[in-house]
Amino acid sequence: MRAQKTSSTSFGFAFLQCCVRLGPGTMRLSICLMLLSFALCANADWSGIRDSLRRGGEFVRDAIGGAKDMYRAYQDMREANYIGADKYFHARGNYDAAQRGPGGAWAAKVISDARERIQGWTGRGADDTAADQEANAWGRNGGDPNRYRPAGLPQKY
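The following refers to the structure shown. (Residues numbered from 1 in each chain as written. Predicted model: local features only at pLDDT ≥ 70, side-chain atom pairs only at ≥ 80, totals over all residues. Heavy atoms only, no water.)

A word on the pattern of salt bridges
Under the definition given, this model contains 12 salt bridges. A salt bridge links Arg54 to Glu58; the nearest nitrogen and oxygen atoms lie 2.9 Å apart. Placement of both Arg54 and Glu58 in helix α3 (residues 46-80) is noted, with a separation of four residues, approximately one turn of the helix. The residue Lys87 makes a salt bridge to Asp86 at a minimum N-O spacing of 3.0 Å. The exposure class assigned to Lys87 is buried, which follows from its relative accessible area of 14%. (Salt bridge = Lys/Arg side-chain N within 4 Å of Asp/Glu carboxyl O. Helix = DSSP H or I, 4+ residues; strand = E, 2+ residues; numbered from the N terminus. Buried < 20%, exposed > 50% of the residue type's maximum accessible area, 1.4 Å probe, protein only.)

This is the structure:
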């Protein structure tokens, strides 16, 4: 069986036939909408669309990288197992993620807020949550994470 070729002309003809069946008012409206869509497509700024797609791709790439930065800070915190260092790792994870760009900063905020919300449900104190969020915001806004670094934390971190 041979596949039928479709073209914009045959589609347009089928579209108009459908509109005729619906009535004369629909026909006029449909023709106006079709002409408007042709005009919009002809005047489309493809470079703007291309730039938007590129920026969207960069945002997603930065968000994925930011999530990885947050996870790396979490792994380091678990590995260090150092009392009083959690605020440092919160600030460092947010700082590293935000340095990637808007996508990284967005990922850091979403992950930090979700983590604190979940930990709040488990009965952690509101004071500790507020202090963690302060460290998160400090790092995300470009502040030096070493502000929260406890004395004696190995230089590896």
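Quick word on the environment of Phe89
Of note, Phe89 is situated in helix α4 (residues 86-98). Sequence spacing of Phe89 and Asn146 is 57 residues, and the spatial spacing of their C-alpha atoms is 9.4 Å. The residues touching Phe89, leaving out its near neighbours within four places in the chain, are Ala73, Asp76, Met77, Ala80, Leu153 and Tyr157. (Contact = heavy atoms within 4.5 Å.)

As for unusual backbone geometry
Positive phi values are uncommon outside glycine, yet Asn81 reaches one of about 45°. For Asn81, the position within the fold is in the loop between α3 and α4.

A few points about the packing of α4 against helix α5 (residues 102-121)
At their nearest, the axes of α4 and α5 sit 7 Å apart, and the two run at 150° to each other. Looking at the two axes, α4 sits roughly antiparallel to α5. In this structure, α4 contributes His90, Asn94, Ala97 and Ala98 to the contact, and α5 contributes Gly104, Ala105, Ala108, Lys109, Ser112, Arg115 and Glu116. Partitioned by chemical class, the residues of the contact of α4 with α5 number four nonpolar, four polar and three charged. (Axes fitted to C-alpha atoms, helices over the stretch in contact; angles between N-to-C directions. Parallel < 35°, antiparallel > 145°, perpendicular 65-115°, else oblique. Nonpolar A, V, L, I, M, F, W, Y, C, P; charged D, E, K, R; others polar.)

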